[in-house]
Amino acid sequence: MKVSIIVPVYNKEAYLERCLKSALNVDFDDFEVIAVDDQSTDSSGAICNRLSQLDTRLKVFHIANRGVTGARLYGVEKARGEYVMFLDSDDELLPNALSATYPVIVRENADEVFGTYKNQYGKYVRSSHEGLIQDTDGLIFEICNRTAKFSFAWGILYRKEILQGCLESRMGRMYAEDRLMQVKVLMKCPKVWFIRDCIYFYNAEVPNSWKSFSEAKCVPDF
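Residues numbered from 1 in each chain as written. Predicted model: local features only at pLDDT ≥ 70, side-chain atom pairs only at ≥ 80, totals over all residues. Heavy atoms only, no water.

Chemist: Describe in detail the environment of Arg196, supporting the description with residues and values.
Modeler: Mapped onto the fold, Arg196 is located in strand 10 (residues 192-202). When its relative accessible area of 36% is taken as the criterion, Arg196 is described as partly exposed. For the pair Arg196 and Gly115, spaced 81 residues apart in the sequence, the C-alpha separation amounts to 6.2 Å. Each residue touching Arg196, except ones within four places of it in the same chain, is listed here: Thr116, Arg126, Ser127, His129 and Glu130. (Helix = DSSP H or I, 4+ residues; strand = E, 2+ residues; numbered from the N terminus. Buried < 20%, exposed > 50% of the residue type's maximum accessible area, 1.4 Å probe, protein only. Contact = heavy atoms within 4.5 Å.)

The structure is reproduced here in structure tokens:
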């Protein structure tokens, strides 16, 4: 298995079917989609189950609520792919998400390949970076200084091994935990590659309804 697309799911019934279908319709030949239902209280779990009956590439797991990072970690543990891409359950992958990133990560022997993304308002978010980035400290500075113009968790193709030890967090941590995960990855001094291809559709301003959101609003301890 080349790639596992991991979708953490919690109460996103209005967006979820489009999300999962976008993942299943990418232009690629060897992948699986792992949906981790984090104890949703709406029909999200049922949507996952119904779609998995129609396409065996979609694997569904129902777990007790762990929060978004815990759901991602569970997905990574179940992933059979050598590489991993995260997709939020209210967003969509563009058809070229894997066909644009996979050849690069293999050819360049990279640990992460960042694509660009667009939102529902037609805005394209393009990073100032391109190609190989050797200054991972500089990327960490951009994340911590809130000047980064790239995604932190989703829309990135990762070598699965680079994520080891980067997704563990205290239950209830919600604020900027995707930044914390990416900082942990970058602290390993990975080989990072940026491409200009737009590979991800981001639904901006969708409220985060994860159950643990109100339990802790602490700033990640970078």
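Chemist: Which residues make up the pattern of salt bridges, and what values do they have?
Modeler: Enumeration according to the criterion identifies 10 salt bridges in this entry. The partner of Asp111 in a salt bridge is Arg159, and the shortest N-O contact between them spans 3.2 Å. Here Arg159 lies in strand 9 (residues 156-159) and Asp111 lies in the loop between helix 4 (97-107) and strand 6 (112-119), a separation of 48 residues in the sequence. Both residues of the pair, Asp111 and Arg159, belong to the buried class. Put simply, Glu17, Lys21 and Arg50 are held in one network by salt bridges that share partners. (Salt bridge = Lys/Arg side-chain N within 4 Å of Asp/Glu carboxyl O.)

Chemist: Give a detailed account of the packing of helix 1 (residues 13-24) against helix 2 (residues 44-54), specifying residues and quantitative values.
Modeler: With their axes 9 Å apart at the nearest point, helix 1 and helix 2 run at an angle of 25° to one another. As summarised for this structure, helix 1 and helix 2 are arranged roughly parallel, according to the angle between their axes. You can see that helix 1 and helix 2 cross each other, and the crossing is right-handed. Within the contact between the two elements, helix 1 uses Glu13, Leu16, Glu17, Leu20 and Lys21 and helix 2 uses Ser44, Ile47, Cys48, Arg50 and Leu51. Broken down by class, the residue content of the contact of helix 1 with helix 2 amounts to five nonpolar, one polar and four charged. (Axes fitted to C-alpha atoms, helices over the stretch in contact; angles between N-to-C directions. Parallel < 35°, antiparallel > 145°, perpendicular 65-115°, else oblique. Left-handed = near helix turned anticlockwise from the far one by under 90°. Nonpolar A, V, L, I, M, F, W, Y, C, P; charged D, E, K, R; others polar.)

Chemist: Quick one: what's the story with helix 3 (residues 68-78), residue by residue and with numbers?
Modeler: Counting buried residues in helix 3 gives nine out of 11 residues, a clear majority hidden from the surface. For helix 3, every residue scored as buried is listed here: Val68, Thr69, Gly70, Ala71, Arg72, Leu73, Tyr74, Gly75 and Val76. Against strand 1 (3-9), strand 2 (31-37), strand 3 (58-62), strand 4 (83-86) and helix 6 (177-186) lie the buried residues of helix 3.

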